[in-house]
Amino acid sequence: RSTLFPYTTLFRSALAFWSIVKRCRAEKITFGFFVSFFIVSLIIMIREPGICTYGQAMWYTFVSCTTIGFGDITVSTALSRLLTVYMTLYEIIWIAILSGVIVSHYLEVITRREKITATEFLDKLEHLTELDKNELQELSDKVREFRKNS
(Lines give C-alpha, C1' and ligand atoms only; values in the text may rest on other atoms or scores of the structure.)
Protein backbone atom coordinates (compact mmCIF):
# COMPACT_ATOMS: atom_id res chain seq x y z
CA ARG A 1 0.00 0.00 0.00
CA SER A 2 1.15 3.48 -0.73
CA THR A 3 1.46 6.21 1.87
CA LEU A 4 -1.37 8.06 0.09
CA PHE A 5 -3.93 5.35 0.96
CA PRO A 6 -5.39 7.13 4.01
CA TYR A 7 -5.68 10.38 2.04
CA THR A 8 -7.40 8.77 -0.94
CA THR A 9 -9.87 7.05 1.40
CA LEU A 10 -10.53 10.35 3.16
CA PHE A 11 -10.98 12.08 -0.21
CA ARG A 12 -13.44 9.42 -1.41
CA SER A 13 -15.39 9.70 1.85
CA ALA A 14 -15.52 13.48 1.48
CA LEU A 15 -16.80 13.13 -2.10
CA ALA A 16 -19.47 10.64 -1.01
CA PHE A 17 -20.48 12.95 1.83
CA TRP A 18 -20.71 15.93 -0.53
CA SER A 19 -22.80 14.01 -3.08
CA ILE A 20 -25.29 13.04 -0.34
CA VAL A 21 -25.42 16.64 0.89
CA LYS A 22 -26.03 17.92 -2.66
CA ARG A 23 -28.67 15.29 -3.40
CA CYS A 24 -30.60 16.40 -0.30
CA ARG A 25 -30.07 20.10 -1.13
CA ALA A 26 -28.13 20.97 2.02
CA GLU A 27 -25.01 22.24 0.26
CA LYS A 28 -25.63 25.92 1.06
CA ILE A 29 -25.80 25.45 4.82
CA THR A 30 -22.84 23.04 4.73
CA PHE A 31 -20.73 25.39 2.62
CA GLY A 32 -21.79 28.29 4.85
CA PHE A 33 -20.73 26.38 7.95
CA PHE A 34 -17.24 25.69 6.62
CA VAL A 35 -16.77 29.25 5.35
CA SER A 36 -17.95 30.59 8.72
CA PHE A 37 -15.62 28.22 10.52
CA PHE A 38 -12.53 29.49 8.67
CA ILE A 39 -13.53 33.18 8.80
CA VAL A 40 -14.40 33.06 12.52
CA SER A 41 -11.09 31.31 13.18
CA LEU A 42 -9.27 34.08 11.33
CA ILE A 43 -11.08 36.85 13.24
CA ILE A 44 -10.39 35.12 16.56
CA MET A 45 -6.70 34.79 15.68
CA ILE A 46 -6.53 38.52 14.88
CA ARG A 47 -8.54 39.77 17.88
CA GLU A 48 -7.42 37.47 20.69
CA PRO A 49 -4.15 38.26 22.44
CA GLY A 50 -3.75 34.71 23.78
CA ILE A 51 -4.17 33.02 20.37
CA CYS A 52 -1.05 33.46 18.28
CA THR A 53 -1.52 31.12 15.32
CA TYR A 54 -4.28 30.26 12.89
CA GLY A 55 -3.96 26.62 13.98
CA GLN A 56 -4.74 27.59 17.59
CA ALA A 57 -7.72 29.63 16.43
CA MET A 58 -9.03 26.72 14.35
CA TRP A 59 -8.50 24.37 17.30
CA TYR A 60 -10.45 26.72 19.59
CA THR A 61 -13.28 27.04 17.04
CA PHE A 62 -13.41 23.28 16.52
CA VAL A 63 -13.46 22.53 20.24
CA SER A 64 -16.20 25.13 20.73
CA CYS A 65 -18.30 23.88 17.80
CA THR A 66 -18.14 20.30 18.97
CA THR A 67 -19.06 21.48 22.48
CA ILE A 68 -16.06 19.59 23.86
CA GLY A 69 -14.63 22.70 25.50
CA PHE A 70 -11.27 21.45 26.77
CA GLY A 71 -10.43 24.87 28.19
CA ASP A 72 -6.82 24.75 26.97
CA ILE A 73 -7.50 27.86 24.86
CA THR A 74 -9.98 30.52 25.94
CA VAL A 75 -11.08 33.85 24.54
CA SER A 76 -11.38 37.09 26.46
CA THR A 77 -12.86 39.67 24.08
CA ALA A 78 -16.59 40.24 23.67
CA LEU A 79 -16.36 39.84 19.88
CA SER A 80 -14.66 36.45 20.17
CA ARG A 81 -17.22 35.27 22.71
CA LEU A 82 -20.04 36.41 20.43
CA LEU A 83 -18.44 34.60 17.47
CA THR A 84 -18.10 31.48 19.64
CA VAL A 85 -21.83 31.57 20.41
CA TYR A 86 -22.59 32.11 16.72
CA MET A 87 -20.45 29.15 15.62
CA THR A 88 -21.79 26.87 18.34
CA LEU A 89 -25.41 27.62 17.42
CA TYR A 90 -24.63 27.28 13.69
CA GLU A 91 -22.99 23.91 14.34
CA ILE A 92 -25.95 22.63 16.37
CA ILE A 93 -28.36 23.58 13.58
CA TRP A 94 -26.00 22.17 10.92
CA ILE A 95 -25.68 18.83 12.74
CA ALA A 96 -29.47 18.60 13.10
CA ILE A 97 -29.94 19.24 9.38
CA LEU A 98 -27.07 16.94 8.47
CA SER A 99 -28.59 14.10 10.52
CA GLY A 100 -31.85 14.56 8.65
CA VAL A 101 -30.01 14.59 5.31
CA ILE A 102 -28.22 11.32 6.07
CA VAL A 103 -31.38 9.60 7.33
CA SER A 104 -33.29 10.85 4.28
CA HIS A 105 -30.60 9.49 1.96
CA TYR A 106 -30.59 6.04 3.53
CA LEU A 107 -34.39 5.86 3.59
CA GLU A 108 -34.32 6.69 -0.11
CA VAL A 109 -31.77 3.92 -0.74
CA ILE A 110 -33.83 1.38 1.25
CA THR A 111 -37.05 2.38 -0.54
CA ARG A 112 -35.33 2.04 -3.92
CA ARG A 113 -34.03 -1.43 -3.00
CA GLU A 114 -37.45 -2.54 -1.79
CA LYS A 115 -39.03 -1.27 -5.00
CA ILE A 116 -36.50 -3.20 -7.11
CA THR A 117 -37.05 -6.35 -5.06
CA ALA A 118 -40.85 -6.03 -5.37
CA THR A 119 -40.55 -5.42 -9.13
CA GLU A 120 -38.36 -8.51 -9.57
CA PHE A 121 -40.78 -10.58 -7.47
CA LEU A 122 -43.81 -9.44 -9.51
CA ASP A 123 -41.93 -10.09 -12.74
CA LYS A 124 -41.24 -13.66 -11.65
CA LEU A 125 -44.88 -14.13 -10.68
CA GLU A 126 -45.98 -12.93 -14.12
CA HIS A 127 -43.68 -15.47 -15.78
CA LEU A 128 -44.35 -18.31 -13.35
CA THR A 129 -44.79 -20.90 -16.11
CA GLU A 130 -41.37 -20.06 -17.56
CA LEU A 131 -39.41 -20.59 -14.30
CA ASP A 132 -37.35 -23.72 -13.70
CA LYS A 133 -37.46 -25.76 -10.46
CA ASN A 134 -34.64 -23.81 -8.77
CA GLU A 135 -36.23 -20.45 -9.53
CA LEU A 136 -39.61 -21.71 -8.26
CA GLN A 137 -38.00 -22.95 -5.05
CA GLU A 138 -36.22 -19.61 -4.61
CA LEU A 139 -39.52 -17.78 -5.11
CA SER A 140 -41.25 -20.07 -2.63
CA ASP A 141 -38.50 -19.45 -0.05
CA LYS A 142 -38.86 -15.68 -0.47
CA VAL A 143 -42.63 -15.93 0.09
CA ARG A 144 -42.09 -17.97 3.28
CA GLU A 145 -39.50 -15.48 4.51
CA PHE A 146 -41.83 -12.58 3.76
CA ARG A 147 -44.68 -14.23 5.70
CA LYS A 148 -42.37 -14.98 8.62
CA ASN A 149 -41.17 -11.35 8.81
CA SER A 150 -44.64 -9.81 8.40
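Further up the page is the structure itself.
Our subject in this report is the structure included herewith. The model shown is predicted, which means the values in this text are computed figures rather than measured ones.

Remark: helix α3 (residues 54–65) packs on helix α4 (residues 78–126), axes separated minimally by 8 Å, with the N-to-C direction vectors making an angle of 50°. Between α3 and α4, the angle is such that the two are oblique. Pair α3 / α4 crosses with right-handed handedness. The residues of α4 that touch α3, namely those facing Tyr-60, Thr-61, Ser-64 and Cys-65, are Thr-84, Met-87, Thr-88 and Glu-91. Considered class by class, the residues forming the contact of α3 with α4 number 3 nonpolar, 4 polar and 1 charged.

Okay, a nonpolar patch on the surface next. On the surface, Trp-18, Phe-31, Val-35 and Ile-39 cluster together into a nonpolar patch covering about 370 Å² of accessible area. Of the residues forming the nonpolar patch, the biggest block, 3 residues, is contributed by helix α2 (residues 27–47). Relative to the elements of secondary structure, Phe-31 occurs in helix α2.

Another aspect to go through is the packing of α2 against α3. The contact between α2 and α3 brings their axes to 8 Å, and the two run at 125°. The pairing of α2 with α3 is recorded here as oblique in orientation. Considering how the two elements wind past one another, α2 and α3 form a crossing that is right-handed. Contacts between α2 and α3 pair Phe-33, Phe-37, Phe-38, Val-40, Ser-41, Leu-42, Ile-44 and Met-45 from the former with Tyr-54, Ala-57, Met-58, Tyr-60, Thr-61, Phe-62 and Cys-65 from the latter. When the residues that make up the contact of α2 with α3 are grouped by side-chain class, the tally is 13 nonpolar, 2 polar and no charged.

In the structure shown here, the tally under the stated rule is 9 aromatic pairs. Between Phe-33 and Trp-94, the ring centres sit 4.5 Å apart and the planes meet at 5°, which makes this aromatic pair stacked. One end of the pair, Phe-33, is in helix α2; the other, Trp-94, is in helix α4, and 61 residues separate them in sequence. With a relative accessible area of 6%, Phe-33 lands in the buried category. Judged by centre distance (5.4 Å) and plane angle (90°), the ring pair of Phe-37 and Phe-38 falls under edge-to-face. On the accessibility criterion, Phe-38 (40% relative accessible area) is partly exposed. Here the aromatic residues Phe-33, Phe-34, Phe-37, Phe-38, Tyr-86, Tyr-90 and Trp-94 are joined through ring pairs into a cluster of three or more.

Among the surface-exposed residues, Glu-120, Asp-123, Glu-126 and Glu-130 lie close enough to one another that they form a single negatively charged patch. Secondary-structure assignment places Glu-126 in helix α4. Given the relative accessible area of 63%, Glu-126 is considered exposed.

What counts as what
Residues numbered from 1 in each chain as written. Predicted model: local features only at pLDDT ≥ 70, side-chain atom pairs only at ≥ 80, totals over all residues. Heavy atoms only, no water. Axes fitted to C-alpha atoms, helices over the stretch in contact; angles between N-to-C directions. Helix = DSSP H or I, 4+ residues; strand = E, 2+ residues; numbered from the N terminus. Parallel < 35°, antiparallel > 145°, perpendicular 65-115°, else oblique. Left-handed = near helix turned anticlockwise from the far one by under 90°. Contact = heavy atoms within 4.5 Å. Nonpolar A, V, L, I, M, F, W, Y, C, P; charged D, E, K, R; others polar. Patch = residues over 30% accessible without salt bridge, like charges linked within 9 Å, V, L, I, M, F, W, Y side chains within 5 Å. Areas by Shrake-Rupley, 256 points an atom, 1.4 Å probe, with all protein chains shown as cover. Salt bridge = Lys/Arg side-chain N within 4 Å of Asp/Glu carboxyl O. Phe/Tyr/Trp six-rings, centres within 6.5 Å; stacked < 30°, edge-to-face > 60°. Buried < 20%, exposed > 50% of the residue type's maximum accessible area, 1.4 Å probe, protein only. Lys, Arg positive; Asp, Glu negative; His and termini not counted. Charge placed at Lys NZ, Arg CZ, Asp CG, Glu CD.

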